[in-house]
Amino acid sequence: MIWQQLANGISVGSVYALISLGLTMVYGILRILHVAHAGIYTLGAYVGLLSFRLVDNFWLSLFAGMVGAAVAGYLVERFLYTPILHLSRIAPLIASIGLFTAMEEAFRIVAGPHTLVYNARVGLGDLAIGSFRLTETQVLILLVSFLILLFLWLFLTRSRMGLAMRACALDLETASSFGVNVSAIIAMNFIIGSLMAGAAGVLIGVYDNQVWPTMGSIPAYKALAIVVLGGLGSIPGTVLASIIVGLSETFFIGVLSIPFPRDAVAFIAMILVLMFRPYGLLGKA
Amino acid sequence: MTLLQVISLSKDFAGLHALESVSFSAERGKILGIIGPNGAGKTTLFNIISGIYLPTAGEILFQGKKILRMKAHRISHLGIGRTFQIVRPLNNLDVETNVLVAYGHRIYPSLWKSVRACRQREALQEVRGIMERTGLKAYSGTLAGNLPLGFKKRLEIARALALQPKLLLLDEPSGGLRYEESFQLMELIRMLRDQGIGILLIEHNMQVVMDLCERIVVLDHGIKIAEGVPEEIRSNPQVIEAYLGRETQHA
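Residues numbered from 1 in each chain as written. Chains lettered and ligands numbered in written order. Predicted model: local features only at pLDDT ≥ 70, side-chain atom pairs only at ≥ 80, totals over all residues. Heavy atoms only, no water.

**Thoughts on the overall build of chain B**
Part 1: Counting its regular elements, chain B contains nine helices and ten strands.
Part 2: The C-alpha atoms of chain B give 19 Å as radius of gyration, which agrees with the globular expectation for 251 residues (18 Å, within 12%).
Part 3: Projecting the C-alpha coordinates of chain B onto the three principal axes gives extents of approximately 75 × 40 × 35 Å.
Part 4: Residues counted as buried form 52% of the 251 residues belonging to chain B.
Part 5: The long-range share in chain B, meaning contacts at least 24 apart out of those at least 6 apart in sequence, stands at 66%. (Helix = DSSP H or I, 4+ residues; strand = E, 2+ residues; numbered from the N terminus. Rg over C-alpha atoms; globule rule 2.2 N^0.38 Å. Buried < 20%, exposed > 50% of the residue type's maximum accessible area, 1.4 Å probe, protein only. Contact = heavy atoms within 4.5 Å.)

Set out below in structure tokens:
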């Protein structure tokens, strides 16, 4: 029973990580809150669903959702944020909220207000060991998020561009005077963050077997709470916070059966942690 | 050989003339001192040469090529390295990685190459060579934020060297250092000059300036008031006035 809940919590948490990491990476480098990131997540789900209906192959649709989200993320960076970055930080924030609302409306107009089913056959099969049981979509989520997080970690710590990204997150001006093409690195942050959000959109679409225009609303503010909880701009902190929130949601509702709104857990956790660690779990002053 | 030509460079900040029609040139294998009282426009000059600010007017040629309006990273690729007056190490990375960041950028011009491994043997060899030359070898695994100030200053230089610069802009390398630390740093700067690197040196410590520089440019309120060898600068009445104020005239 406890192992079951643990597995459930971790799979929920890994999807949170995929969504929140893009937010962390953008905040880490530009110090702006990319609220429209949740719109990118929803877009990923729609692109995935559309391509699934066209080609009837889940893995191709996952790939398409990620690529679609990445392209959208890049366009948002180039044409929305970059032109207004020199203004006070409230300007990109308002632009971002505006874009998020506009995206939700666009999804409603284009795809319709109703819920669409994303009934994909993944081809992995359920995993059962005694009474411990993972559904096919849980296996899928754990597998895909693990691979993506592993790839991200290798990329950031081993590749030259990953090194440049870490340098830019620490000091943009210094990095540029040591030869780092800062605008390319900023674009890369959006592209990688959006790839992960697109994957999360597709995974949740398949897990819940539904895609709808405002599916990004709750992740929008929950990811914000997770990013603050982990320590703004800290990538390991975000992963840790995501897993903690995923687990506490599962345990509060599933094990203790406390009648408690599930989506409030992230905020309670954020408030509790900030009372004792104002910079979040792994944040720095 | 002329490396850098600065031609009637001006910069206004909201009506304040930070630089007014400043011209000079720097040569390879020579140290050119840039001195002047606080607010003379020295750091502004460095920020323009390294591509952080755009000037209001003027032109800069590096090896005969116009570099104004180039992005900062392009300018550093051409071979202009700089250090900051207030040291800015990438605190959360160790010393070796700090140097590696600067080294990497010279060798990955294309997007594709930049996804390859950063810790290749040739890169590490080069980086370790630079750390040995700058006396940082013993600290290679230390987080840059934990270094003592003297070594942070060395790290600034080491990172600039990783660009294999033809020209180095050093902004007060000896500021805040004890005597022996600044003495060691001077030795390092001389060694770099002898390797043929051109050096622009902003410095407040007159002893250091007079000992190191072949020529000196004096700025005051954004205007070049003197240029010459140390001997000339030392006895130039305008320079003395800028530093010490006008002598009171007694009747």
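**Re the side chain of Thr42 of chain A**
Part 1: Its place among the elements puts Thr42 of chain A in helix α2 (residues 37-55).
Part 2: Once residues within four sequence positions are removed from consideration, Thr42 of chain A is found in contact with Phe107, Trp212, Pro213, Met215 and Gly216 of chain A.

**Concerning the sheet that holds strand β10 (residues 223-228) of chain B**
All names here are of chain B.
Part 1: Across the sheet, six strands lie side by side as β6-β7-β8-β3-β9-β10; this open sheet has mixed pairing. For this open sheet the edge positions go to β6 (80-82) and β10, each flanked by a neighbour on one side alone. Direction aside, neighbouring strands of the sheet carry axes that sit 20 degrees apart on average.
Part 2: Pairing geometry for strand β3 (residues 31-35) and strand β9 (residues 215-220), over four bridges, is parallel. Bridging from a neighbouring strand, Leu32 pairs with Arg215 of β9. (Pairing = 2+ DSSP bridges. Axes fitted to C-alpha atoms, helices over the stretch in contact; angles between N-to-C directions.)

**Observations regarding the interface of chain B and chain A**
Part 1: Contacts between chain B and chain A engage 32 residues on the former and 23 residues on the latter.
Part 2: Its largest share of buried area at the contact with chain A, chain B owes to His73, Arg88 and Cys118 of chain B, together 21% of the area lost on that side.
Part 3: The tally of links from chain B across to chain A stands at two salt bridges.
Part 4: Salt-bridge contacts for Arg88 of chain B lead to Asp171 of chain A; the nearest nitrogen and oxygen are separated by 2.9 Å.
Part 5: In this structure, the connection of chain B to chain A is made through seven residue pairs in polar contact (both at pLDDT 80 or more).
Part 6: Among the elements of the structure, α2 (72-78), α3 (95-107) and α5 (149-161) of chain B are those that each provide at least two residues to the side of chain B that touches chain A.
Part 7: Tallying contributions element by element places α3 of chain B first for the side of chain B that touches chain A, with six residues.
Part 8: In terms of residue class, the side of chain B that touches chain A is made up of 16 nonpolar, eight polar and eight charged. (Buried area = accessible area lost by both parts, 1.4 Å probe. Salt bridge = Lys/Arg side-chain N within 4 Å of Asp/Glu carboxyl O. Polar contact = N/O pair within 3.5 Å; in protein donor to acceptor, adjacent residues only side chain to side chain. Nonpolar A, V, L, I, M, F, W, Y, C, P; charged D, E, K, R; others polar.)

**Some points on the nonpolar core**
Part 1: In terms of nonpolar packing, the biggest core is built from 117 residues, with Met165 of chain A together with Ile199 of chain B touching the most fellow members.
Part 2: Here this core gets 14 residues from one element, more than from any other, and that element is helix α8 (residues 182-207) of chain A.
Part 3: Setting aside residues no more than four positions away along its own chain, Met165 of chain A makes contact with Met25, Phe155, Leu156, Ile185, Met188, Asn189 and Ile192 of chain A.
Part 4: Core analysis: the next-biggest nonpolar cluster, separate from the first, contains 27 residues, Leu9, Ile49, Ile60 and Leu68 of chain B among them. (Core = buried A, V, L, I, M, F, W, Y, C linked by side-chain atoms within 4.5 Å.)

**Points about the sheet that holds strand β4 (residues 57-62) of chain B**
Each strand in a sheet pairs with another by means of backbone hydrogen bonds, the pair being arranged parallel or else antiparallel.
Residues and elements named next belong to chain B.
Part 1: The four strands lie next to each other as β2-β1-β4-β5, forming an open sheet whose pairing is antiparallel. One side of each edge strand has no neighbouring strand; the edge strands of this open sheet are β2 (16-27) and β5 (65-66).
Part 2: Lying on the sheet, helix α1 (residues 42-49) is in contact with β1 (2-13), β2 and β4; it crosses β1 at an angle near 115 degrees.

**Details of the packing of helix α6 (residues 160-170) of chain A against α8 of chain A**
For any two helices packed against each other, the geometry is given by the interaxial angle and the distance between the axes.
Residue and element names in this part refer to chain A.
Part 1: In the contact formed by α6 and α8, the axes pass within 10 Å of each other and the chain directions differ by 100 degrees. In terms of their interaxial angle, α6 and α8 are classed as roughly perpendicular. In this structure, α6 contributes Met161, Ala164, Met165 and Cys168 to the contact, and α8 contributes Val182, Ile185, Met188, Asn189 and Ile192.
Part 2: The residue makeup of the contact of α6 with α8, split by class, is eight nonpolar, one polar and no charged. (Parallel < 35°, antiparallel > 145°, perpendicular 65-115°, else oblique.)

**Some details on the layout of surface pockets**
Part 1: Empty space within the largest pocket amounts to approximately 1200 Å³.
Part 2: Lining of the largest pocket is provided by 39 residues; of these, Gly233, Ser234, Ile235 and Pro236 of chain A together with Asn92 of chain B occupy positions nearest its centre.
Part 3: Among the secondary structure elements, those contributing two or more residues to the lining of the largest pocket are α1 (2-30), α5 (136-158), α6 and α10 (235-255) of chain A.
Part 4: Taken together, the residues of the lining of the largest pocket break down into 24 nonpolar, eleven polar and four charged.
Part 5: Taken as a whole, the second largest pocket holds about 600 Å³ of empty space.
Part 6: If you trace the second largest pocket, you find 26 residues lining it, with Leu172, Ser176, Val182, Ser183 and Ile186 of chain A closest to the centre. (1 Å grid on protein atoms, 1.4 Å probe; cavity = no way out; pocket = protein on both sides within 12 Å on 5 of 7 lines; lining within 4 Å. Points joined across faces, edges and corners; volume = space filled by probe spheres on them.)

**Details of empty space enclosed by the protein**
All names here are of chain A.
Part 1: For the structure shown, the criterion picks out six cavities of 30 Å³ or more.
Part 2: In this structure, the largest cavity occupies an estimated 50 Å³ of space.
Part 3: In terms of lining residues, the largest cavity is bounded by Ile19, Leu23, His34, Val35, His37, Ala38, Pro219, Ala220, Ala223 and Leu224.
Part 4: Top contributing element to the lining of the largest cavity by residue count: helix α9 (residues 217-230), with four residues.

**Observations concerning the packing of aromatic side chains**
Residues and elements named next belong to chain A.
Part 1: Throughout the structure, instances matching the rule amount to nine aromatic pairs over all chains.
Part 2: Relative to Tyr118, the ring of Phe52 has its centre 5.7 Å away and its plane inclined at 35 degrees; by these criteria the two rings are tilted. Taken together, the positions of Phe52 in helix α2 and Tyr118 in the loop between α4 (90-111) and β1 (127-129) put the pair 66 residues apart, joining distant regions of the chain.
Part 3: Judged by its relative accessible area of 8%, Phe52 is buried. (Phe/Tyr/Trp six-rings, centres within 6.5 Å; stacked < 30°, edge-to-face > 60°.)

Scope: geometric values only; no functional claims are made or implied.
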